[in-house]
Amino acid sequence: MITASDFKKGITISWNNGLWQIVDFQHVKPGKGAAFVRSKLKNIVTGAIREETFNPTEKFPLARIETKDMQYLYNDGELYYFMDPESFEQIPLNYEQVADAIIYIKENEFAQMRFYEGKPFEVTAPNFVELEIIETEPGFKGDTATGANKPAIVETGAKINVPLFVELGDKIKIDTRTGEYLSRV
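Residues numbered from 1 in each chain as written. Predicted model: local features only at pLDDT ≥ 70, side-chain atom pairs only at ≥ 80, totals over all residues. Heavy atoms only, no water.

> Got a minute to help me understand the environment of Leu-73 in this structure?
Structurally, the position occupied by Leu-73 is in strand E7 (residues 65–75). Discounting chain neighbours no more than four positions away, the residues touching Leu-73 are Tyr-81, Phe-82, Met-83, Gln-90, Glu-107 and Asn-108. (Helix = DSSP H or I, 4+ residues; strand = E, 2+ residues; numbered from the N terminus. Contact = heavy atoms within 4.5 Å.)

> Would you explain the pairing of strand E8 (residues 80–83) in this entry?
It is a general feature of regular strands that their side chains alternate between the two faces of the sheet. Burial along E8 is two-sided: the residues Tyr-80 and Phe-82 and Tyr-81 and Met-83 are all buried. Relative to E8, E7 is paired through four bridges, and the arrangement is antiparallel. Residue pairing across strands places Tyr-72 opposite Phe-82, the latter belonging to E8. Here E7 folds back onto E8, and the loop between the two strands holds four residues, one of which, Gly-77, carries a positive phi near 100°. Direction of pairing for E8 relative to strand E9 (residues 90–93): antiparallel, over a ladder of four bridges. (Buried < 20%, exposed > 50% of the residue type's maximum accessible area, 1.4 Å probe, protein only. Pairing = 2+ DSSP bridges.)

> When you look at the packing of aromatic side chains in this model, what are you seeing that I'm missing?
Centre-to-centre distance and the angle between the planes together describe a pair of aromatic rings. Counted by the stated rule, this structure contains nine aromatic pairs. An angle of 75° between the planes, with centres 5.0 Å apart, marks the rings of Phe-54 and Phe-60 as edge-to-face. With a relative accessible area of 2%, Phe-60 lands in the buried category. Between Tyr-72 and Phe-82 the ring centres are 5.3 Å apart and the planes differ by 45°, which places this aromatic pair in the tilted class. With a gap of ten residues between them, Tyr-72 in strand E7 and Phe-82 in strand E8 connect regions that are remote in the sequence. Assigned by exposure class, Tyr-72 and Phe-82 land together as buried. (Phe/Tyr/Trp six-rings, centres within 6.5 Å; stacked < 30°, edge-to-face > 60°.)

> How should the nonpolar core be read in this particular structure?
Counting 28 residues, the largest nonpolar core has Phe-82 and Val-123 as the members making the most contacts within it. Residues within four places of Val-123 in sequence aside, it is in contact with Phe-82, Leu-93, Gln-97, Val-98, Ala-101, Ile-105, Ala-111, Gln-112 and Met-113. Counting residues in hydrophobic clusters, the runner-up holds twelve residues, among them Ala-4, Phe-7, Ile-11 and Phe-54. (Core = buried A, V, L, I, M, F, W, Y, C linked by side-chain atoms within 4.5 Å.)

> Explain the side chain of Thr-3 here, please?
Along the chain, the position of Thr-3 falls in strand E1 (residues 2–3). Only 3.1 Å separates the side chain of Thr-3 from the side chain of Ser-5, close enough to count as a polar contact. In this structure, Thr-3 is in contact with Pro-56, Thr-57, Glu-58 and Lys-59, ignoring residues within four places of it in sequence. (Polar contact = N/O pair within 3.5 Å; in protein donor to acceptor, adjacent residues only side chain to side chain.)

> Before we go on, may I ask you to explain unusual backbone geometry in this structure?
Leaving glycine out, the prevailing phi sign among residues is negative, and the prevailing peptide bond configuration is trans. The backbone phi angle of Asn-16 is positive, close to 55°, even though this residue is not glycine. Summarising the element assignment, Asn-16 is placed in the loop between strand E2 (12–15) and strand E3 (18–28). Its relative accessible area of 41% is what places Asn-16 among the partly exposed residues. Of note, Glu-117 is a non-glycine position whose phi angle comes to about 50°, a positive value. Tracing the chain through its elements places Glu-117 in the loop between strand E10 (110–116) and strand E11 (119–124).

> Which parts of the structure should I look at to understand the pairing of E7?
Looking at chain direction, E7 and E10 are connected through seven bridges and run antiparallel. Along E10, the bridge assignment pairs Thr-67 with Arg-114.

> Would you take a moment to explain the pattern of salt bridges for this structure?
Two side chains bearing opposite charge may form a pair once their charged atoms approach each other closely. If you walk through the whole model with that rule in mind, you get seven salt bridges. Note that Arg-114 and Glu-122 form a salt bridge whose closest N and O atoms lie 2.9 Å from each other. The salt bridge involving Asp-170 is made with Arg-184; its shortest N-O contact spans 3.5 Å. Within this pair, whereas Asp-170 is found in the loop between strand E14 (159–163) and strand E15 (171–175), its partner Arg-184 is found in strand E16 (residues 180–184), the two being separated by 14 residues in sequence. Relative accessible area serves as the criterion here: at 44%, Arg-184 is assigned to the partly exposed category. (Salt bridge = Lys/Arg side-chain N within 4 Å of Asp/Glu carboxyl O.)

Structural data, given as structure tokens:
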């Protein structure tokens, strides 16, 4: 059990007939009245986001979430297939379950899959990936005074803003949490 005063980002609780991950929270102590916890929760099954306020002493059961490294195999047009490297079991997931991560994962690369009661509900890409630029406009010399960026598309289809000096065929390092360009590789 966890109380609302112990909330931290990323904790998953069982509440209101669902599993909710704490996206954001704030402890509020008004000058008049009782303290409360303002929180933003995301339903891990449906993806719905909800803002709620709780009494700091209110208790919630913690949800047991299992995380495994899984290998992304391929997409058959409708489903995305991941394989457990230990048991070789293949798990098909729909686009909604992999939407945030799949734009950074190449075939045969590893990603983390999260399970609740043996059922997968989320895939997350590694924090940093190295991908090749397959489409971008050429940059112009002398146009760097403003620190300008240009759009580029990497081999997985993700659209990233890159500095003007990055060219077609360059490999770049991307932070998947923010979707930002970090450096050339």
